[in-house]
Amino acid sequence: MAISRDLLLIGGGRITTALLGLVSIRVATNLLSPEQYGALSLLVAIQLLCGMFLINPVEQHIYRHAHAWWDEGTLLARLFSYKIYTGAISFIGAVLVIVVTHPQSFQAAMLVSLIMLCMVVAVTWNGITVPMLNMLGYRAESIYWAVLSTFLSVLFSVLFVYWQHDAIAWFAGQAVGMACGALGAWISIQRKGARANHPTERLVLLSKETIISYCIPLALATGLMWLQLSGYRFAVEHFWGLSSLGYIAVGFVLTSQIWGLLEYLATQLLYPAFYRQITGASTVQNEAAFSDLLNILGPMSLVLVGVSILAAPALLYMLVSQQYQSAITFVYFGVVIECCRVLSNLFSRAAQITKHTKSLALPYAVGGGLQLLFIYVAGTLHADTIWVAVSLVIGAVSMLVIMAVQMYKEVVYRLELPRWLWAGGVLIICLLVCILLPTPNGALQALTILAVIALSGGGAVYWLAANNPSVERLLGVKLRED
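Just so it is clear, the model here is predicted, and its values are computed rather than measured.

Rules and cut-offs
Residues numbered from 1 in each chain as written. Predicted model: local features only at pLDDT ≥ 70, side-chain atom pairs only at ≥ 80, totals over all residues. Heavy atoms only, no water. Helix = DSSP H or I, 4+ residues; strand = E, 2+ residues; numbered from the N terminus. Rg over C-alpha atoms; globule rule 2.2 N^0.38 Å. Contact = heavy atoms within 4.5 Å. Areas by Shrake-Rupley, 256 points an atom, 1.4 Å probe, with all protein chains shown as cover. Lys, Arg positive; Asp, Glu negative; His and termini not counted. Charge placed at Lys NZ, Arg CZ, Asp CG, Glu CD. Core = buried A, V, L, I, M, F, W, Y, C linked by side-chain atoms within 4.5 Å. Buried < 20%, exposed > 50% of the residue type's maximum accessible area, 1.4 Å probe, protein only. Disulfide = S-S within 2.5 Å. Phe/Tyr/Trp six-rings, centres within 6.5 Å; stacked < 30°, edge-to-face > 60°. Axes fitted to C-alpha atoms, helices over the stretch in contact; angles between N-to-C directions. Parallel < 35°, antiparallel > 145°, perpendicular 65-115°, else oblique. Left-handed = near helix turned anticlockwise from the far one by under 90°. Nonpolar A, V, L, I, M, F, W, Y, C, P; charged D, E, K, R; others polar. Salt bridge = Lys/Arg side-chain N within 4 Å of Asp/Glu carboxyl O. Expected span 1.5 Å × (residues − 1).

Caption draft 1: A look at the overall build of the chain. Regarding its fold elements, the chain presents 16 helices and 0 strands. Against the 2.2 N^0.38 benchmark of 23 Å for 482 residues, the chain shows a C-alpha radius of gyration of 22 Å, consistent with a compact globule. Along the first, second and third principal axes, the C-alpha atoms of the chain reach 60 × 55 × 40 Å. Excluding contacts between residues fewer than 6 apart, the proportion of contacts in the chain whose partners are at least 24 apart in sequence is 85%. Per element, the accessible surface of the chain, about 20600 Å² overall, is 69% carbon and sulfur. Charge-centre separation for the chain: the mean point of 24 positive side chains lies 5 Å from the mean point of 20 negative side chains.

Caption draft 2: Quick peek at the nonpolar core. The biggest cluster of nonpolar side chains holds 153 residues, and the ones touching the most others in it are Ile62, Tyr82, Met132, Leu254, Trp259, Phe274 and Leu297. Tallying contributions element by element places helix 9 (residues 283-319) first for this core, with 20 residues. Those residues within four positions of Phe274 in sequence are excluded, and the remaining contacts are Ala289, Phe290, Leu293, Arg349, Ile353 and Leu474.

Caption draft 3: Quick peek at unusual backbone geometry. The phi dihedral of His102 falls on the positive side, at around 50 degrees, and the residue is not glycine. Within the secondary structure, His102 is located in the loop between helix 3 (75-101) and helix 4 (106-135). Phi at His382 is positive, roughly 55 degrees, even though this residue is not glycine. Within the fold, His382 resides in the loop between helix 12 (361-380) and helix 13 (386-410). Classification of His382 as exposed rests on a relative accessible area of 72%.

Caption draft 4: Highlighting the state of the cysteines. This structure, assessed with the given rule, holds 0 disulfides. With no disulfide of its own, Cys180 has Cys118 as its nearest cysteine by sulfur position, at a separation of 12 Å. Given the relative accessible area of 32%, Cys180 is considered partly exposed.

Caption draft 5: Quick peek at the packing of aromatic side chains. Per the stated rule, a full pass over the model turns up 15 aromatic pairs. Both rings, one in Tyr144 and one in Trp145, keep their centres 4.9 Å apart while their planes meet at 75 degrees; by these two values the pair is edge-to-face. Ring geometry for Trp422 against Trp463: centres 4.5 Å apart, planes inclined by 25 degrees, an arrangement best described as stacked. A residue pair is termed long-range when its members are at least 10 positions apart, and Trp422 in helix 14 (residues 417-436) and Trp463 in helix 15 (residues 443-466) qualify at 41 residues. The exposure class of Trp422 is partly exposed, given its relative accessible area of 32%. Clustering of aromatic rings is evident, with ring pairs tying together Phe290, Phe347, Tyr408 and Tyr413.

Caption draft 6: Spotlight on the packing of helix 10 (residues 328-347) against helix 13. For the pair helix 10 and helix 13, the least separation of the axes is 9 Å and the interaxial angle reads 20 degrees. Judged on the interaxial angle alone, helix 13 and helix 10 are roughly parallel. In the crossing of helix 10 with helix 13, the sense of the turn from one axis to the other is left-handed. Contacts from Thr329, Phe330, Phe333, Val336, Ile337, Cys340, Arg341, Leu343, Ser344 and Phe347 of helix 10 reach helix 13 at Ile386, Ala389, Val390, Leu392, Val393, Ala396, Val397, Met399, Leu400, Met403, Ala404 and Met407.

Caption draft 7: Local environment of the packing of helix 2 (residues 34-72) against helix 7 (residues 208-240). With their axes 8 Å apart at the nearest point, helix 2 and helix 7 run at an angle of 165 degrees to one another. Judged by the angle between their axes, helix 2 and helix 7 are roughly antiparallel. As for the relative orientation of helix 2 and helix 7, their crossing is right-handed in sense. Along the lines of polarity and charge, the residues of the contact of helix 2 with helix 7 split into 17 nonpolar, 8 polar and 2 charged.

Caption draft 8: Looking closely at the pattern of salt bridges. All told, the structure shown has 5 salt bridges when counted by the stated rule. A salt bridge links Glu338 to Arg341; the shortest N-O distance between them is 2.7 Å. Of this pair, Glu338 and Arg341 both sit in helix 10, 3 residues apart, roughly one helical turn. Taking relative accessible area as the criterion, Arg341 reaches 13% and is therefore assigned buried.

Caption draft 9: Region of interest: the environment of Ala446. Here Ala446 lies in helix 15. Residue Ala446 is classed as buried on the basis of its relative accessible area, which comes to 0%. Once residues within four sequence positions are removed from consideration, Ala446 is found in contact with Ala314, Tyr317, Met318 and Pro440.

Caption draft 10: Focus on helix 14. An ideal rise of 1.5 Å per residue puts 28 Å on 20 residues; helix 14 measures up with 29 Å between its terminal C-alpha atoms. Looking at the buried positions of helix 14, the neighbouring elements they touch are helix 9, helix 15 and helix 16 (469-475).

Caption draft 11: Region of interest: the environment of Gly306. As for its placement among the helices and strands, Gly306 is situated in helix 9. Gly306 sits in the buried class, given a relative accessible area of 1%. Sequence separation of Gly306 and Ala18 is 288 residues, and the distance between their C-alpha atoms is 19 Å. Filtering out sequence-adjacent residues up to four positions away, Gly306 remains in contact with Leu427 and Cys430.

Caption draft 12: Inspection of the environment of Trp422 at higher detail. A C-alpha to C-alpha distance of 9.1 Å links Trp422 and Leu464, two positions 42 residues apart in sequence. Residues in contact with Trp422, not counting those within four places in the same chain, are Ala460, Trp463 and Leu464.

Caption draft 13: Focus on the side chain of Arg78. The residue Arg78 is located in helix 3 in this model. Exposure remark for Arg78: the relative accessible area of 16% places this residue in the buried category. In contact with Arg78, not counting residues within four places along its chain, are Trp69, Glu72, Leu203, Val204 and Leu205.

What follows is the structure, encoded as structure tokens:
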């Protein structure tokens, strides 16, 4: 009963944020030209570089020990150092954006650097405080601040773009929305922790050994991940221009919104239980928890591939401005890329168990290296932009295969093949139906197609969850000690 209530709460919250995100795409593609949307994607790439390369390793360390620190009443005291660290990283982002965007004047340089500084801080603290509430078992508060953050981001972005019609204005609006949500979530965490006996002095967040053995190898891996997932944007801008980058970015961002549903389910419902189970657990228990996580999310990912491909034409018709309709090809390629990314992140949890984060570097290095090599060749030969998508798929598939092999060396996992084969059968059926499904020629037809696909896909995912003993085993854990 508790699992169903949590699933309903989290599912409802995620659907709300997903709808807001889709509205954001529709509004952005109406207000921004392809060239401006390409410029926006570069700003996001710089922010992601700071987040994935410099922030994420420390953030993962916090998640890994959040339950233990909360139980002993030291979490808030340890996060004080995190404030100083994120402030320092934000200045790096402020400098990078000036180097990359080449502002036309000193005033423009100061404005874009200030906005980037605020964005890095806002996204970082939103990304640690909102999930932290959920991880500690305060799901309602977490969902509230997540939804409010998304709503305010869209609202302020629209207001700022009407005032200043460019990508920087949209980016600034996102920063304001994320900052409001982060502040609210942080106040909630402080209030929840007020009942605990917290030390007043600052406590060490990272030891020297942790930095050397955990954070630096993980930073290398996440830096390579950024190179693969976002670094290609600079190569596309160099060879094909901002306008082409805008079309590619729209196709991929639409796909990422769909896959965000599954990823949100994982981070909000399953990962907190997973991290709690591996806290102080034995090797056998770690292997069981990791296998359960794979056997829940893996088959769901295969189903979502089929659902995404079926829904792509109708989603593009409903949610993207007419000038971007030719991006449908990039949506299809984006489905494969997102699936590989989500599954790779899922397999990478094994390195969080063993804390051997250097094992993550090889998959991302090979995937990113192959991807950039093919993009460079395509660019120098003046090939069509479709080869950008092909290059990204080659890199993503290579990364996933190597990641699965590498992580098996870290934690021996066991896949429930009947469940994976059933999900694969659903995927094949979806691909066959896609051939016969008509392209929508009106809003009503598009909505009807989306409703049928959503109900069918939701039913398949529900069946996978309802008949899966891994769900009960993983979610049977108590998240906090009251």
